[in-house]
Amino acid sequence: MSTLPSWVNDFVAQAASQPSAARLPWLAAVRERALERFLAESWPTTRIEAWHHTSLAPLTQLSFRPGGEAVVSEALQALKGTDQGCYLVFVNGHYDAAQSSVPALPAGVQLHAWSQVELSTQQELLQSHWGEVEQGASTAALNLALAQDGVLIDVARGVQVEPVVHVVFVNTDSTAAFTRNVVRVQAGAALTLVEHYIALDDEQQNFTSATTNTCIEQDACFTHVKLQQESAQAFHLGNLNTTQERGSVYNSHSLSFGARLVRNDIATVFNGERCETLFNGLYYVDGRRHVDHNTVINHAQPNCISHEYYRGILADRARGVFSGRILVAKGADGTDAIQRSDSLLLSKLARSDARPELEIYADDVKCAHGATVGQLDADSLFYLRARGMSAEDAKNTLIYAFAAQSLERIANEQLRARATAGIASLLPGGLRVGELA
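Residues numbered from 1 in each chain as written. Predicted model: local features only at pLDDT ≥ 70, side-chain atom pairs only at ≥ 80, totals over all residues. Heavy atoms only, no water.

A word on the sheet that holds strand β1 (residues 86-91)
Item 1. One open sheet accounts for 10 strands, arranged β2-β1-β5-β7-β9-β11-β13-β15-β17-β19; its pairing is mixed. If you trace the sheet from one side to the other, it starts and ends with β2 (94-95) and β19 (366-374), each paired once.
Item 2. Sheet analysis places β1 next to strand β5 (residues 165-171), joined by six bridges and oriented parallel. Looking at the pairing, Leu88 lines up with Val167 of β5.
Item 3. Strand contacts of helix α5 (residues 73-80): β1, β5 and β7 (190-199), with the helix running at about 145 degrees to β1, the strand carrying the most contacts.
Item 4. Where helix α9 (residues 391-407) meets the sheet, its contacts fall on β13 (276-285), β15 (305-314) and β17 (336-345), and the angle it forms with β15 comes to roughly 155 degrees. (Pairing = 2+ DSSP bridges. Helix = DSSP H or I, 4+ residues; strand = E, 2+ residues; numbered from the N terminus. Contact = heavy atoms within 4.5 Å. Axes fitted to C-alpha atoms, helices over the stretch in contact; angles between N-to-C directions.)

So, in structure tokens, the structure goes:
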């Protein structure tokens, strides 16, 4: 058994003293079991197959503190612009009602910070979708043990939520935040949710542990955008766990444009026939930054469709990792699954590791996977130069075009524009090329 990092004790004490501990008596037992698991396993190491390409050693050598209230209005205004939509704001892991703005929502939509949950029906929803102690890596268990707050969303049967729901997470320097979100989209309903992680400045060093558990019921549609724009010194460990019922549609967009080290574990399981899923990812890393996407799509039922596309742009000595597993269970005939990982290296020292996997136990299926790693195409550069572009503009245009293929899969125009602006500000010449596009 390992020892608990000394700084974690402050978060254990904080969790025990939260008002929600009294309102949610079942939570204490779950926290205790999760902490015992983390004590037994400690941080994942590269000896574990699923973490072979990602070392958490830099994270384990640091210490963090619980954060308090902070004024983030300037950062929020820069994020929102002229959009006065639905924004729930969490600062250092805790809901900040004063800096949030929640307009009137359709009848049948429950939208809360779970730390404020009072009604027994909401407690039942929270408990039933809270997650299991053995689910995921030991880092997921640590999140379960120390979760400070998060959003609880329940969309009633047949309700179409028109405004995009934005959940914004902000950390201050040297703090850690453990957030846990629960979402249920009931039969025939529709919801678009944005998880947005931002920084107050690019030098702050903090740690975010975030989990979102989602249940998409029969014929419901859920679009989820995770936009990570934390500081270049931050650490981010995320888990997205989804269950889908018959005829449901799930669109997941994972956009990682910040942080020193990022690990995203994304999984969905089909519990009914004719489910559809899109996993779409785009990341940009430079310096010595590291991004790892680990995905699992479980085709447990027949006649389901999954399309998975991840793209990475890597500069300097940065590293990108993609591990994707599509599991087609026995009897899941009629499965249609595509999986691709494409990486663009802008430096000879940048590195990309890709491991796409198909595990098929059914006969009548259509499955394909592939991975590419390469540099800018010389013929394409020549083509643009021959039409009057400078060498720099030609290079920047091709980089932007590579990213644009992922951005185009975001159907919502407002969200696509926000994601485009996020990566354009990072790419060489991206702002200028973006304007031309």
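Moving on, there is more to tell.
Let's talk about the UniProt feature "domain: SUF system FeS cluster assembly SufBD core" (unreviewed entry) in the chain
Item 1. Under the present numbering, the feature "domain: SUF system FeS cluster assembly SufBD core" (unreviewed entry) in UniProt falls on residues 170-402.
Item 2. Helix and strand shares over residues 170-402 are 9% and 59% respectively, and the end C-alpha atoms of the span are 30 Å apart. (UniProt positions renumbered as here; feature names shortened; annotations may be inferred.)

Quick word on the pairing of β15
Item 1. With respect to burial, β15 is a largely interior element, eight of its 10 residues being buried.
Item 2. Here β13 pairs with β15 via 10 bridges, running parallel. Residue pairing for β15: Gly281 is matched across the bridge by Tyr310.
Item 3. Judged from the 10 bridges that link them, β15 and β17 form a sheet pairing that is parallel. Counted as the bridge partner of Ile313 is Leu344 from β17. (Buried < 20%, exposed > 50% of the residue type's maximum accessible area, 1.4 Å probe, protein only.)

Some details on the UniProt feature "domain: SUF system FeS cluster assembly SufBD N-terminal" (unreviewed entry) in the chain
Item 1. Annotation from UniProt places "domain: SUF system FeS cluster assembly SufBD N-terminal" (unreviewed entry) at residues 22-166.
Item 2. The distance from the first to the last C-alpha atom of residues 22-166 is 28 Å, and the span holds 34% helix and 14% strand.

Some remarks on the layout of surface pockets
Over the atoms rolls a probe the size of a water molecule, and its path tells where empty space is left.
Item 1. Considered as a void within the structure, the largest pocket measures approximately 520 Å³ in volume.
Item 2. Along its surface, the largest pocket is lined by 29 residues, and Gln135, Gly136, Asn213, Asn241 and Ala267 are the ones closest to its centre.
Item 3. When contributions to the lining of the largest pocket are tallied by element, the ones reaching two or more residues are α3 (25-41), β8 (207-216), β10 (235-244), β12 (261-270) and β14 (290-299).
Item 4. Considering only residue class, the lining of the largest pocket consists of 10 nonpolar, 14 polar and five charged.
Item 5. Estimates place the volume of the second largest pocket at around 270 Å³.
Item 6. Lining the second largest pocket are 18 residues, and of these Asp202, Glu230, Phe257, Gly258 and Leu426 lie nearest its centre.
Item 7. Elements represented by at least two residues in the lining of the second largest pocket include exactly β9 (221-229) and α10 (413-424).
Item 8. Element by element, the count of residues in the lining of the second largest pocket is highest for α10, at three residues.
Item 9. Among the residues making up the lining of the second largest pocket, the classes are represented as seven nonpolar, six polar and five charged. (1 Å grid on protein atoms, 1.4 Å probe; cavity = no way out; pocket = protein on both sides within 12 Å on 5 of 7 lines; lining within 4 Å. Points joined across faces, edges and corners; volume = space filled by probe spheres on them. Nonpolar A, V, L, I, M, F, W, Y, C, P; charged D, E, K, R; others polar.)

Some thoughts on the environment of Thr175
Item 1. Tracing the backbone shows Thr175 in the loop between β5 and β6 (176-185).
Item 2. In contact with Thr175, not counting residues within four places along its chain, are Phe64, Arg65, Pro66, Gly67, Asn92, Gln205, Asn206 and Phe207.
Item 3. In this structure the side chain of Thr175 is engaged in a polar contact, spanning 2.6 Å, whose partner is the backbone oxygen of Thr172. (Polar contact = N/O pair within 3.5 Å; in protein donor to acceptor, adjacent residues only side chain to side chain.)

So, the sheet that holds β10
Item 1. The mixed open sheet is built from nine strands, whose spatial order is β3-β4-β6-β8-β10-β12-β14-β16-β18. Looking at the sheet topology across the chains shown, the edges are occupied by β3 (109-113) and β18 (351-360). Averaged over neighbouring strand pairs, the angle between their axes works out to 5 degrees when direction is ignored.
Item 2. Inspection of the sheet shows β12 paired to β14 by nine bridges, in the parallel sense. For Ile266, the partnering residue across the bridge sits in β14 and is Thr295.
Item 3. Docked against the sheet, helix α7 (residues 138-146) engages β6, β8 and β10, running at close to 90 degrees with respect to β6.

A look at the packing of aromatic side chains
Item 1. By the definition in use, this model includes 16 aromatic pairs.
Item 2. An angle of 55 degrees between the planes, with centres 5.5 Å apart, marks the rings of Phe90 and Tyr95 as tilted.
Item 3. Joined through ring pairs, the aromatic side chains of Trp7, Phe11, Phe38, Trp43, Phe64, Phe178 and Phe207 make up one cluster.
Item 4. Cation over ring: Lys80 sits above Tyr87, and NZ or CZ is 4.9 Å from the ring centre.
Item 5. The ring centre of Tyr309 lies 4.0 Å from the NZ or CZ of Arg409, which sits over that ring. (Phe/Tyr/Trp six-rings, centres within 6.5 Å; stacked < 30°, edge-to-face > 60°. Lys NZ or Arg CZ within 6 Å of the ring centre and 35° of its normal.)

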